[in-house]
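Observations on chain architecture
Read off the chains here:
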Amino acid sequence: VGKLGGEIYIESSNINKGTTFVILLPVFEEHDYYPQKSLDIKHKKERTENKTGDIKFLYVDDDIMSTEFVKVLIKPFGTIDIAANGVDGIEKAKANKYDIILMDINLGKNIDGIETTEIIRTIKGYERTPVVAVTALAMQEDKEEFLRRGCTHYISKPFLKEEFTELIERVCNEIVKYFR
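In this text, all values refer to a predicted model and were calculated from it rather than measured experimentally.

Thresholds applied
- Residues numbered from 1 in each chain as written.
- Predicted model: local features only at pLDDT ≥ 70, side-chain atom pairs only at ≥ 80, totals over all residues.
- Heavy atoms only, no water.
- Pairing = 2+ DSSP bridges.
- Helix = DSSP H or I, 4+ residues; strand = E, 2+ residues; numbered from the N terminus.
- Axes fitted to C-alpha atoms, helices over the stretch in contact; angles between N-to-C directions.
- Contact = heavy atoms within 4.5 Å.
- pLDDT = per-residue confidence, 0-100.
- Buried < 20%, exposed > 50% of the residue type's maximum accessible area, 1.4 Å probe, protein only.
- Core = buried A, V, L, I, M, F, W, Y, C linked by side-chain atoms within 4.5 Å.
- Salt bridge = Lys/Arg side-chain N within 4 Å of Asp/Glu carboxyl O.

**Side note on the sheet that holds strand E7 (residues 153-156)**
If you trace the 5 strands from one edge of the open sheet to the other, you get E4-E3-E5-E6-E7, paired in parallel fashion. The outermost strands of the open sheet, each flanked by one partner alone, are strand E4 (78-83) and E7. Between one strand and the next, the sheet's axes are offset by a mean angle of 20 degrees, whatever the strand orientation. Pairing of strand E6 (residues 131-135) with E7 involves 4 bridges; the strand directions are parallel. If you follow Thr135 over to E7, its bridge partner there is Ser156. Docked against the sheet, helix H2 (residues 64-74) engages strand E3 (55-60), E4 and strand E5 (100-103), running at close to 165 degrees with respect to E4.

**Comments concerning the confidence of the model for the chain**
For the chain, mean pLDDT is 82; residues scoring 70 or higher make up 83% of the total. Per-residue pLDDT stays below 50 along residues 29-53; that stretch engages in 45 contacts with residues further than four places along the chain or on separate chains.

**Describing unusual backbone geometry**
In this model, Lys157 is joined to Pro158 through a cis peptide bond whose omega is -10 degrees. Of note, Pro158 is situated in the loop between E7 and helix H6 (161-179). Even without glycine at this site, Asn16 takes up a positive phi of about 65 degrees. On the secondary structure map, Asn16 appears in the loop between strand E1 (7-14) and strand E2 (18-24). In the Ramachandran plot, Asn110 falls in the positive-phi region, its phi being about 70 degrees despite a non-glycine side chain. Structurally, Asn110 can be placed in the loop between E5 and helix H4 (113-121). The exposure class assigned to Asn110 is exposed, which follows from its relative accessible area of 67%.

**Some thoughts on the nonpolar core**
As a rule of thumb, nonpolar side chains are buried together in soluble globular proteins. Ranked by size, the top nonpolar core spans 20 residues in total, and within it Phe57, Ile100, Leu102, Val132, Phe159, Phe164 and Ile168 carry the most contacts. For this core, the secondary-structure elements that each account for two or more residues are E3, H2, E5, E6 and H6. Considering every element that reaches this core, the biggest residue donor is H6, with 6 residues. Setting aside residues no more than four positions away along its own chain, Leu102 makes contact with Phe57, Leu58, Tyr59, Val60, Val70, Ile74, Ile80, Val132, Val134, Phe164 and Ile168. The next biggest cluster of nonpolar side chains, apart from the first, holds 19 residues, and it includes Ala83, Ile101, Ile120 and Ile123.

**Let's talk about the pattern of salt bridges**
Inspection of every chain in the model, using the stated rule, returns 7 salt bridges. Ionic pairing is found between Glu91 and Lys94, a salt bridge with its closest N-O pair at 3.9 Å. Here Glu91 and its partner Lys94 are both found in helix H3 (residues 86-95), 3 residues apart, which amounts to about one turn of the helix. Glu91 gets classed as partly exposed once you look at its relative accessible area, which sits at 44%. Residue class for Lys94 comes out exposed when judged on its relative accessible area of 53%.

Below, the structure written as structure tokens:
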């Protein structure tokens, strides 16, 4: 909660009944709290000249709090679609062309984020698409496995907004440099 700039406090506590905690997380419009970090000049120029529009993101995550937070952070970089599970993520990837995929690894039941990534990689046009593992699995061997099995980048939850936006800016710049 602290890393996200929020507050936590006890609202009530009763013996044999339990405790109620309140968690407050800041969610502001981009101009109020998350200033738009400009991508490098080449990126801006190329986006304007080619009229390619904003970067299109797909975020596959079953946690609503995470998706709402990431939506705010992505806003300066482009548009984002959300998939609540791996199957939905695969279907969205088949139906749309995304520039960057953000992939939670632990998606609850059914297929996990790594299996989802491996399947998306078989879809025409996604062979080289950046896939960022966004996960609470933070062991070095986990990171190495995710990168070996199809993810191109990695960030562990919880992350600082600055860490996330710097990573996304770097990935966006890589797309412009190598793929557009």
